[in-house]
Amino acid sequence: HVYSPFVELELAKIAQTNNKNEESLNLLLDALEYSRKITPNNLAQVYYELIVLYEEFENNIKKDEFINKCKSIEGTTDSLYKKMCDEM
């Protein structure tokens, strides 16, 4: 595993573009589990992407869980993803 969420985020975007949403979801969950150090901005991005995927899967329980996690992140710097989470 790569210990930076950047690679998983990029691979997840590619998978999502190819309509492989389950693969994309697994990559993002791996980013959370295996990243040694994740910045608040990257964490907000991962959470936001998970929210979008869970919305597509119509899993509102998980979607709401990650919305709350995203809203509780502190220390972001001009994060568009954090702002989008806060508006949900």
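This section reports on the structure supplied with the text. Because the structure is predicted, anything quoted here is derived from the model rather than measured.

### Observations concerning the environment of leucine 28
Next, step 1: For leucine 28, the location among the structural elements is in helix H2 (residues 21-34).
Next, step 2: The class of leucine 28 is buried, set by a relative accessible area of 1%.
Next, step 3: Between the alpha carbons of leucine 28 and aspartate 86 there is a distance of 20 Å; along the sequence they are 58 residues apart.
Next, step 4: The residues touching leucine 28, leaving out its near neighbours within four places in the chain, are Leu9, Ala12, Val46, Glu49, Leu50 and Leu53.

### Notes on a nonpolar patch on the surface
Next, step 1: Taken together, the side chains of Phe6, Val7, Leu11 and Ile14 make up a nonpolar region of the molecular surface, amounting to roughly 360 Å² of accessible area.
Next, step 2: Here leucine 11 is to be found in helix H1 (residues 5-17).

### Brief notes about the packing of H2 against helix H3 (residues 40-56)
Next, step 1: Remark: H2 packs on H3, axes separated minimally by 10 Å, with the N-to-C direction vectors making an angle of 150°. One finds that H2 runs roughly antiparallel with respect to H3. Between H2 and H3 lies a crossing of left-handed hand. Side by side, H2 and H3 meet where Asn21, Ser24, Leu25, Leu28, Leu29, Ala31 and Leu32 of the first sit next to Leu43, Val46, Tyr47, Glu49, Leu50, Leu53, Tyr54 and Glu56 of the second.

Calculation rules
- Residues numbered from 1 in each chain as written.
- Predicted model: local features only at pLDDT ≥ 70, side-chain atom pairs only at ≥ 80, totals over all residues.
- Heavy atoms only, no water.
- Helix = DSSP H or I, 4+ residues; strand = E, 2+ residues; numbered from the N terminus.
- Buried < 20%, exposed > 50% of the residue type's maximum accessible area, 1.4 Å probe, protein only.
- Contact = heavy atoms within 4.5 Å.
- Patch = residues over 30% accessible without salt bridge, like charges linked within 9 Å, V, L, I, M, F, W, Y side chains within 5 Å.
- Areas by Shrake-Rupley, 256 points an atom, 1.4 Å probe, with all protein chains shown as cover.
- Salt bridge = Lys/Arg side-chain N within 4 Å of Asp/Glu carboxyl O.
- Axes fitted to C-alpha atoms, helices over the stretch in contact; angles between N-to-C directions.
- Parallel < 35°, antiparallel > 145°, perpendicular 65-115°, else oblique.
- Left-handed = near helix turned anticlockwise from the far one by under 90°.

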